[in-house]
Amino acid sequence: MTFPSRDDLIEFVYDEARMLDEGRFDDWLALWAPDSHYWMPLDPDAENPKLVTALMHEDDYLRRLRVERLKGARTFSQKPRSRCHHVLQRPFIDAVDHDAGTFTTTTPFLYVESRLDEQFLLAATARHELVLLDGGIRMKLKRVDLLNPEAAFGNIQLFL
Amino acid sequence: MSRYAENPAAVKALIRPAEVHRDVYVDAEIFDLEMKHLFANTWVFVGHDSQTPNPGDYFTTEIGRQPIVMIRHQDGEVHVLYNRCAHKGTKLVIDRTGNTGKFFRCPYHAWTYKTDGTRLGMPLRKGYDGTGLENSASGNDMARVGAVRNYRGFVFARLSHEGPDFESFFGESLSSIDNMVDRSPEGRLEIAGPPLRYMHRCNWKMLVENQTDTCHPMVAHESSAGTAVRIWEESRPAEDAPKPMAIQVIAPFMSSYEFFEEMGIRTWPNGHGHTGVHHSIHSDYSEIPGYFDQMSAAYGEERARAILGENRHNTVYFPNIMVKGPIQQLRIFIPLAADKTLVESYIYRLVGAPEMLLERTAMYNRLINAPTSIVGHDDLEMYERAQEGLMADGLEWVNVQRLHTDGEDFDAIAVENGTTERQMRNQFNAWAKYMTISMQGAGA
């Protein structure tokens, strides 16, 4: 891929959510660029994810840890396992820099997570900061802002 | 039919030397009595005074079920008031935090109060002339809690106007708060951002007990901490490669039974106690460049070493908070119903210390205590299974017998093997005391 088209970027965002919904977590791990982060702020005004509590701020190691744990024989909170379901609005293409090879999209979405007889709904917006790597699109940052990050939640066990 | 109200003997009978009846966790009447008695008779944490730094700044919360507002008055003092207009009951403020200016103004009929709760006035005051309003509580100040104490920035309140004073209630347990504050070269903490808020469908006491339960980490957290250790070992570049901060935080949860046995548990009177007397899961964090020099400059080398050598794990302040000195974290277990608890996890910045310490603190909070934390998922799964399992009628007692000896004296400070359940028994001893001390017939 030389330069991704608008459709390529939009397809990427949809494909990423589909991997999570279908539980293809190893494929999902391969979508990330080196030195990348999945960030879900607790404080919507947070500028530095490290100096204030975040809900998630996961580098490659922590993302792998989460995915490996889901497979574990003694991962009791995932017996039975959780499933998730994303409903995405069409992503906005906010920034395209062909010289730098960086692209930014913003995608409002609804997220449903279910386990046993329980199901909950979250509203969120994802900002993808994407880069071109080895001819493919990769995530440098996926920032997920919940509509209500200050609210009290029970377990949120998968990736939004 | 009421089984426990004004029946102190029945309440006390729920606590045996080495087991407790399930009603302490599942019974709605017991929960109501906890709200009425236990949370009124004890000193309950309200907030940190850095949450309300300026005059007029307020923080709304609850003590038990009571709507409470903590507010900074014009003279700098922090007051703890019932968040209720004396007129018709409207909550005066409902934002979690805010600034009310020089006075509260009720949004319903514009009755006003100073920021220490003193009544100011109302529109059309002459309508009350000759009605005797001044003799009614409604014509008076906002209601105040029984007693307030700001201890080194940590604000506690006792709802009841009678009861133990602050020092005799907490005694030497305050050394854990001291250690947390002393870790700032300036002896000062500041709140760092909003708290994590995590809803638990279980009784609040399960969470308090878990703070000194040292036989669960290597079992319940095998899925998170065990996996963390495994993938680190599989992928680390060299045998002696420095451990990244995340590994340092999460790996000690897989420490051996021997590690936890040797770390020790200390109990204090009135239900307070802590794990990590000799060492803890926080002992082996790497040094933060520059920090020890700052501490030595502030306190002298010997005292700095003593402060930083104290690595207490979890300190329970009965009834419902836990403090981690080495992490500058405070967690409050807010009871909402017999089977519903809101856990809020706060972190604090050590004023004058390197930023990297706050980075580790914030990382600890999110990796261990967030609703999105895999370690939190491990724990909550166990609490919720217990809350449901306790409904089994075949067995109505919960065991807290580990390393129990006959005739335990909880009025004495004790240091024991780190896997003892003495601190859980200590909590229930205090629970029975403060549940019944204000009941009719309690002296009988």
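Computed from a prediction, not measured in an experiment: that's the story for all the values here.

Rules used throughout
Residues numbered from 1 in each chain as written. Chains lettered and ligands numbered in written order. Predicted model: local features only at pLDDT ≥ 70, side-chain atom pairs only at ≥ 80, totals over all residues. Helix = DSSP H or I, 4+ residues; strand = E, 2+ residues; numbered from the N terminus. Rg over C-alpha atoms; globule rule 2.2 N^0.38 Å. Buried ≥ 20, exposed ≤ 12 C-beta atoms within 10 Å, placed from the backbone. Contact = placed C-beta atoms within 7 Å. Pairing = 2+ DSSP bridges. Axes fitted to C-alpha atoms, helices over the stretch in contact; angles between N-to-C directions. Parallel < 35°, antiparallel > 145°, perpendicular 65-115°, else oblique. Nonpolar A, V, L, I, M, F, W, Y, C, P; charged D, E, K, R; others polar. Expected span 1.5 Å × (residues − 1). Domains from an automatic or database assignment. Core = buried A, V, L, I, M, F, W, Y, C linked by C-beta atoms within 7 Å. pLDDT = per-residue confidence, 0-100. Left-handed = near helix turned anticlockwise from the far one by under 90°.

So, on to the overall build of chain A. Summing up its helical and strand segments, chain A has three helices and seven strands in all. The order of α-helices and β-strands along chain A, N terminus first, is α-α-β-β-α-β-β-β-β-β. For 160 residues, the compact-globule formula gives about 15 Å, and the C-alpha radius of gyration of chain A, at 16 Å, lands near that figure. Dimensions of chain A, computed from the C-alpha atoms along their principal axes, are close to 45 × 35 × 30 Å.

A count of helices and strands for chain B gives 15 helices and 21 strands. Compactness check: chain B gives a C-alpha radius of gyration of 23 Å against a globular reference of 22 Å for 444 residues, within 12% of the reference. Overall, chain B is about 85 × 55 × 35 Å in size when its C-alpha atoms are taken along their principal axes. Here chain B holds 444 residues, and 47% of them are scored as buried. By sequence separation, contacts in chain B at least 24 residues apart represent 68% of the contacts at least 6 residues apart.

Right, let's talk about the sheet that holds strand 9 (residues 119-121) of chain B for a bit. All names here are of chain B. What the three strands build is an open sheet, ordered 7-8-9; its pairing is antiparallel. Of all strands in the sheet, those bounded by a partner on one side alone are strand 7 (103-105) and strand 9. Ignoring which end each strand starts from, the neighbouring axes of this sheet average 30° apart. Of the pairings in the sheet, the one linking strand 7 to strand 8 (residues 112-114) comprises three bridges and is antiparallel in character. Paired with Phe103 across the strands is Lys114, a residue of strand 8.

Before going further, it helps to examine the pairing of strand 18 (residues 329-337) of chain B. Residue and element names in this part refer to chain B. Counting buried residues in strand 18 gives seven out of nine residues, a clear majority hidden from the surface. Pairing geometry for strand 17 (residues 321-324) and strand 18, over four bridges, is antiparallel. Residue pairing across strands places Lys324 opposite Gln329, the latter belonging to strand 18. Between strand 17 and the antiparallel strand that follows it, strand 18, lie four residues; Gln328 among them carries a positive phi value of about 55°. Two elements, strand 18 and strand 19 (residues 340-350), share eight bridges in a ladder whose sense is antiparallel. When the bridges of strand 19 are listed, Arg331 appears paired with Ser345. The loop that links strand 18 with its antiparallel partner strand 19 comprises two residues.

This part takes up the packing of helix 8 (residues 222-235) of chain B against helix 14 (residues 374-389) of chain B. All names here are of chain B. Interaxial distance between helix 8 and helix 14 falls to 8 Å at its minimum, and their mutual angle equals 150°. Regarding the angle of helix 8 to helix 14, the classification is roughly antiparallel. Contact with helix 8, carried on its side by Ser223, Ser224 and Ala225, involves Ile374, Val375 and Asp378 of helix 14 and no other residues of that element. Taken together, the residues of the contact of helix 8 with helix 14 break down into three nonpolar, two polar and one charged.

Once that is clear, we can look at the sheet that holds strand 10 (residues 147-151) of chain B. Sheets are built from strands paired through backbone hydrogen bonds, the pairs being either parallel or antiparallel. Residues and elements named next belong to chain B. Ordered by their spatial adjacency, three strands build an open sheet running 2-11-10, and the pairing between neighbours is antiparallel. Both outer strands of the open sheet, strand 2 (44-48) and strand 10, are each paired with one neighbouring strand and no more. Along the sheet, successive strands turn relative to each other by an average axial angle of 25°, direction set aside. The sheet contact formed by strand 2 and strand 11 (residues 154-158) spans four bridges and is antiparallel. Paired with Phe45 across the strands is Phe156, a residue of strand 11.

Turning next to helix 13 (residues 355-369) of chain B. With 15 residues, helix 13 of chain B should reach 21 Å at 1.5 Å per residue; the first-to-last C-alpha distance of 21 Å fits that figure. In terms of burial, helix 13 of chain B is a largely internal element, eleven of the 15 residues being buried. The complete set of buried residues in helix 13 of chain B reads Leu358(B), Arg360(B), Thr361(B), Ala362(B), Met363(B), Tyr364(B), Asn365(B), Arg366(B), Leu367(B), Ile368(B) and Asn369(B). For helix 13 of chain B, the elements touching its buried residues are strand 2 (54-58) of chain A together with strand 13 (196-200), helix 9 (245-250), strand 18, strand 19 and helix 14 of chain B.

Below, the discussion takes up the domain arrangement of chain B. All names here are of chain B. Each assigned domain of chain B is listed here: domain 1 (46-151) and domain 2 (188-435). Spacing between the C-alpha centres of domain 1 and domain 2 amounts to 35 Å. Between domain 1 and domain 2, the residue contacts involve four residues of the former and five residues of the latter.

With that out of the way, let us pick up the interface of chain A and chain B. Every contact between the two is made by 31 residues of chain A and, on the other side, 31 residues of chain B. In terms of residue count, helix 3 (residues 60-70) of chain A provides more of the side of chain A that touches chain B than any other element does, seven residues in total. Split into classes, the residues belonging to the side of chain A that touches chain B amount to 15 nonpolar, eight polar and eight charged.

So, on to the nonpolar core. In terms of nonpolar packing, the biggest core is built from 116 residues, with Val46(B) and Met70(B) touching the most fellow members. There are two domains that each give this core at least three residues, and those are domain 1 (46-151) and domain 2 (188-435) of chain B. Excluding residues that lie within four positions of it along the chain, Val46(B) makes contacts with Thr61(B), Ile63(B), Ile68(B), Met70(B), Val80(B), Val155(B), Phe156(B) and Ala157(B). In this structure, Phe12(A), Val13(A), Ile137(A) and Met139(A) belong to the second largest nonpolar core, which totals eight residues.

Of all residues in chain B, 99% have pLDDT values of 70 or greater, and the mean over the chain is 96. We note a pTM of 0.96 for the whole complex and an ipTM of 0.96 for its interfaces.

Below, the discussion takes up unusual backbone geometry. With an omega of 0°, the peptide bond between Lys79(A) and Pro80(A) qualifies as cis. Its location among the elements puts Pro80(A) in the loop between helix 3 and strand 3 (83-88). Here the residue pair Phe318(B) and Pro319(B) is connected by a cis peptide bond, since its omega of 5° sits within 30 degrees of zero. Along the chain, Pro319(B) turns up in the loop between strand 16 (315-317) and strand 17. Of note in the backbone geometry, Asp35(A) takes a positive phi value of approximately 55° without being a glycine. Positionally, Asp35(A) belongs in strand 1 (residues 32-41). Judged by C-beta crowding, with 8 C-beta atoms within 10 Å, Asp35(A) ranks as exposed. One non-glycine residue, Leu403(B), lies in the positive phi region at around 55°. Judged by the 14 C-beta atoms lying within 10 Å of it, Leu403(B) falls in the partly exposed class.

All names here are of chain B. For the pair helix 11 (residues 291-299) and helix 12 (residues 301-309), the least separation of the axes is 7 Å and the interaxial angle reads 125°. One finds that helix 11 runs oblique with respect to helix 12. Crossing angle aside, the handedness with which helix 11 passes helix 12 is right-handed. Across the interface between the two elements, Phe292, Met295, Ser296 and Tyr299 of helix 11 pack against Glu301, Arg303, Ala304, Ile307 and Leu308 of helix 12. Looking at the contact of helix 11 with helix 12 residue by residue, the class counts come to six nonpolar, one polar and two charged.

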